[in-house]
Structure formats: structure tokens, C-alpha cells
Amino acid sequence: YPKLQGIYSALLTSFNHDGTINEKGVRELVRYNIDVNKVDGLYVGGSTGENFMLGTQEKEEIFKIVKDEAKDQIKLIAQVGSLNIKESVHLAKFATDLGYDSLSAVTPFYYKFSFAEVKDYYNTIIENVDNQMIVYFIPFLTGVNISIEQFGELFANEKITGCKFTAGDFYLLERFRKAFPDKALFAGFDEMMLPATVLGVDGAIGSTFNVNGVRARQIFDFAREGKIKEALDVQHVTNDFITDVLKNGLYGTLKICLQEAGVDAGYCRKPMGDYSDEMIENAKKIYHKYF
Ligand code: SI3
């Protein structure tokens with residue numbers, strides 16, 4: 001399987017006010033990421049896609065719309081992880097049949113699964129499909145930690161080819177890079193992209209790239225060229241933006257920013273809340289301050 005690398009937006013999902021999927025909006029989000037952010041790929045059905053609040057058919061619909069819009073212009077990763085492993089197995093086949101370049105699955109959460117169970121989950125999802133798997137490691141939301149030794153056990157399965165590393169543990173990130181130089185390693189925290197790039201990640205997957213993708217690439221490229229001062233200057237502006245966004249509500253603010261840019265990014269899905277007038281005003285100000 002080809003090794004993935006570069007800048008990937010964790011794709012937002014555009015919802016109508018009643019919570020249904022806004023197909024036109026999803027298409028516009030894909031186009032904006034390709035044409036304006038100039039990303040190398042999209043991570044579809046992740047946290048940013050509000051995936052864990054969706055039903056199976058809705059997940060299928062999003063995978064279909066995104067592939068239909070993006071065609072082969074960029075790489076596509078389908079996040080298929082779910083506590084319902086039958087759903088994961090089904091979606092893994094579904095996305096592979098659509099032509100997705102890789103699968104990814106969040107570590108199973110909520111119940112305190114043993115590592116043996118986590119390993120079995122990944123092996124089961126990838127077993128009967130001709131595709132690769134990127135482990136979605138996000139301990140601050142799942143409570144699931146994986147040690148270097150355990151990553152080694154997962155990678156004993158050659159179809160498990162990488163990790164989306166959404167954690168601030170740079171010691172673990174460095175140990176991972178040294179132990180698995182050939183595995184695809186993606187940074188997951190946009191606000192820590194510079195140090196992650198210095199430690200040798202192959203790329204980054206982020207929510208804020210939907211709006212701030214151009215700066216994300218600058219940080220990545222500068223850091224890889226050893227131009228640390230230049231990279232840090234862009235990271236500083238990026239983190240001012242991210243700090244403002246996080247204060248105002250992450251996904252909603254990104255969507256309102258995109259609306260200011262002419263993209264029909266829609267609403268968030270309940271239980272996420274509606275936009276207040278104040279939030280909309282703040283988000284518009286944020287957009288015009290940085291773009
Ligand atoms: O699955 C996904 O949507 C992601 O790629 C998540 C990504 O790691 C983001 N994490 C979350 C929880 O949203 C980050 O991009 C994050 O939003 C950003 O660094 C701001 O903290």
C-alpha cells in the first residue's frame with residue numbers, strides 16, 4: 001500500500017438546521033479544501049466530521065459524496081471506527097469499494113477494553129478488506145493509551161500502516177518515530193504541528209486546516225526545510241487563530257468562518273448546540289482578523 005503523507009483536513013460535515021446532511025454543503029467543503037487549502041488529502045468521518053453522532057447510512061452517504069466530489073484529485077482516508085464492530089467491518093468494505101486510499105479507526109472507547117481486545121478490534125476490521133489501516137490514537141477523548149510495545153504488536157499486522165497521533169506526549173511521539181521509521185505518522189494537534197514536524201511526522205491531520213490549511217502547509221514545509229524561525233512565526237499566528245476558535249466553540253466557529261468564505265458549511269448536529277448571535281458575531285470577527 002502506498003505510504004500516505006502531507007496535509008490532510010479532518011473534514012467537517014455540513015448539516016441542515018434539522019440535523020440532516022447538507023449534500024451541497026459537503027461538496028463545497030471538499031472543493032474548498034482542494035481548491036483553496038490545497039490539501040493532500042481528507043480524513044473523512046473523524047471527530048471533526050461529528051461522526052460519532054451519526055447512523056450507518058449517514059456515514060455511508062458522506063463517504064459517497066466526498067469520493068464523488070474529490071474523485072482522484074487527493075487522497076482519502078475513511079474513519080470507520082465504532083463501538084459497533086459490525087458497523088466498522090461493514091464501513092471498511094464500503095469505503096474500500098468506493099476507492100478510499102486508507103482506512104482509519106479510533107481506538108474502541110467508553111468500556112475499558114484490554115489491549116488484547118483493542119488489537120483484536122483492529123485485526124478484525126482490516127481482515128477481509130484489501131486496504132491499509134491507520135490507528136486513530138486520541139487518548140484525551142477516548143481514555144485509551146497505547147505503549148510503544150503495544151504499537152509494535154499492532155504493527156505485526158502489515159496492513160496496519162500508521163497512526164494519527166492526537167496527543168501532546170512528544171516523548172512517545174519521538175519513541176514512535178525511532179521505533180517505526182517506515183510507518184505513516186500523522187500529527188493530530190494543529191497547535192503543536194511545528195514540534196511534531198521537527199520530530200519527523202510524515203504529515204498532519206487537523207480540523208482547523210479546513211479554514212487555515214495554507215498556513216498549516218507553510219509550517220510543515222518550513223519545519224522540514226529546517227527554517228524553524230519562519231515556521232514558528234506562522235505557528236504563532238496559527239495558534240492565535242486556534243486559541244480564538246477554541247474559545248468560541250471549535251466546529252461551529254470553523255463552520256461560520258467557512259460561511260464567511262462563501263462555503264455552505266451549515267450547522268452542527270445535536271447534541272451539539274445551535275449558534276448564538278454572539279457566537280456568530282465572534283466567529284465572523286475571527287475570520288476577518290486572520291484571513
Ligand atoms: O478525527 C478528527 O477529526 C481529527 O483529525 C481530529 C484532530 O486531531 C483535531 N482534534 C479534535 C478532537 O478535534 C485537531 O485538529 C484539533 O481540533 C485542533 O488541533 C484544535 O485543538
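Here is a short report on the structure shown in this document.

Cut-offs applied
Residues numbered from 1 in each chain as written. Predicted model: local features only at pLDDT ≥ 70, side-chain atom pairs only at ≥ 80, totals over all residues. Heavy atoms only, no water. Helix = DSSP H or I, 4+ residues; strand = E, 2+ residues; numbered from the N terminus. Rg over C-alpha atoms; globule rule 2.2 N^0.38 Å. Buried < 20%, exposed > 50% of the residue type's maximum accessible area, 1.4 Å probe, protein only. Contact = heavy atoms within 4.5 Å. Areas by Shrake-Rupley, 256 points an atom, 1.4 Å probe, with all protein chains shown as cover. Lys, Arg positive; Asp, Glu negative; His and termini not counted. Charge placed at Lys NZ, Arg CZ, Asp CG, Glu CD. Phe/Tyr/Trp six-rings, centres within 6.5 Å; stacked < 30°, edge-to-face > 60°. Near = heavy atom within 4 Å. Polar contact = N/O pair within 3.5 Å; in protein donor to acceptor, adjacent residues only side chain to side chain. 1 Å grid on protein atoms, 1.4 Å probe; cavity = no way out; pocket = protein on both sides within 12 Å on 5 of 7 lines; lining within 4 Å. Sits in = over half its atoms within 2 Å of the grid points. Pairing = 2+ DSSP bridges. Axes fitted to C-alpha atoms, helices over the stretch in contact; angles between N-to-C directions. Patch = residues over 30% accessible without salt bridge, like charges linked within 9 Å, V, L, I, M, F, W, Y side chains within 5 Å. Salt bridge = Lys/Arg side-chain N within 4 Å of Asp/Glu carboxyl O. Expected span 1.5 Å × (residues − 1). Core = buried A, V, L, I, M, F, W, Y, C linked by side-chain atoms within 4.5 Å.

## So, the overall build of the protein
Working step 1: A count of helices and strands for the protein gives twelve helices and eight strands.
Working step 2: Taking 291 residues into account, the globule formula puts the C-alpha radius of gyration at 19 Å, and the protein, at 18 Å, falls close to it.
Working step 3: Taken along its principal axes, the extent of the C-alpha atoms in the protein is 50 × 45 × 35 Å.
Working step 4: The burial tally for the protein puts 56% of its 291 residues in the buried class.
Working step 5: Intrachain contacts of the protein at a sequence separation of at least 6 include 71% that bridge at least 24 residues.
Working step 6: Approximately 12600 Å² of the protein is accessible, and the part contributed by carbon and sulfur atoms is 53%.
Working step 7: Side chains of the protein give 32 positive and 40 negative charges; the mean places of these two sets differ by 2 Å.

## A closer look at the packing of aromatic side chains
Working step 1: Enumeration over the complete set of coordinates arrives at 19 aromatic pairs.
Working step 2: Here the aromatic rings of Tyr 8 and Phe 186 are separated by 5.3 Å at their centres, their planes lie at 75°, and the arrangement is edge-to-face. With Tyr 8 in strand E1 (residues 6-10) and Phe 186 in strand E7 (residues 184-187), the pair connects residues that are 178 residues apart, well separated along the chain. Phe 186 matches Tyr 8 in its accessibility class, with the two residues each being buried.
Working step 3: The interplanar angle of 70° and the centroid separation of 5.5 Å between the aromatic rings of Phe 241 and Tyr 290 together place this pair among those described as edge-to-face.

## Regarding the site of the ligand
Working step 1: In the vicinity of the ligand, 19 residues are found, and the nearest of them are Thr 48, Lys 164, Gly 188, Glu 191 and Ser 207.
Working step 2: A distance of 2.6 Å separates an oxygen atom of the ligand from a polar side-chain atom of Lys 164.
Working step 3: Within the side chain of Ser 207, a nitrogen or oxygen atom sits 2.7 Å from an oxygen atom of the ligand.
Working step 4: Burial of the ligand by the surrounding chains reaches 96%, relative to a free accessible area of 480 Å².
Working step 5: Here the ligand is seated within the largest pocket.
Working step 6: Looking at the shell around the ligand, the elements with two or more residues in it are strand E8 (203-206) and helix H11 (250-260).

## Details of the sheet that holds E8
Working step 1: Judged by pairing direction, the barrel is parallel, and its eight strands sit side by side in the order E1-E2-E3-E4-E5-E6-E7-E8 before closing back on the first. Taking the axes of each pair of neighbouring strands and ignoring which way they run, one obtains an average angle of 25° across the sheet.
Working step 2: Bridge analysis of strand E4 (residues 102-106) against strand E5 (residues 133-137) gives four bridges, and the strand direction is parallel. Residue pairing across strands places Leu 103 opposite Met 133, the latter belonging to E5.

## Things to note about a nonpolar patch on the surface
Working step 1: The grouping of Leu 83, Tyr 110, Tyr 111 and Phe 113 at the surface amounts to a nonpolar patch, some 470 Å² of accessible area in total.
Working step 2: Its location among the elements puts Tyr 111 in the loop between E4 and helix H4 (115-127).

## Description of helix H1 (residues 23-35)
Working step 1: In a regular helix each residue adds 1.5 Å, so 13 residues correspond to 18 Å; H1 covers 18 Å between its end C-alpha atoms and thus fits that length.
Working step 2: Of all the residues in H1, the buried ones are Gly 25, Val 26, Leu 29, Val 30, Tyr 32, Asn 33 and Ile 34.
Working step 3: Among the residues of H1, the N-terminal cap falls to Asn 22, whose side-chain oxygen and the backbone nitrogen of Lys 24 are separated by 3.3 Å.

## Structural notes on the nonpolar core
Working step 1: Leu 42, Phe 63, Val 66, Leu 103, Tyr 122 and Phe 151 are the most contacted members of the largest nonpolar core, which has 97 residues in total.
Working step 2: Apart from residues no more than four positions distant in its own chain, Tyr 122 is found in contact with Ala 105, Val 106, Thr 107, Met 133, Val 135, Tyr 136, Leu 154 and Ile 160.

## Quick word on the pattern of salt bridges
Working step 1: Going through the model one piece at a time under the given rule, you end up with 21 salt bridges.
Working step 2: Salt-bridge contacts for Asp 72 lead to Lys 67; the nearest nitrogen and oxygen are separated by 2.8 Å.
Working step 3: Asp 244 is the salt-bridge partner of Lys 289, the closest N and O atoms lying 3.2 Å from each other. Highlighted residues: Lys 289 in helix H12 (residues 277-290) and Asp 244 in helix H10 (residues 228-248), separated in sequence by 45 residues.

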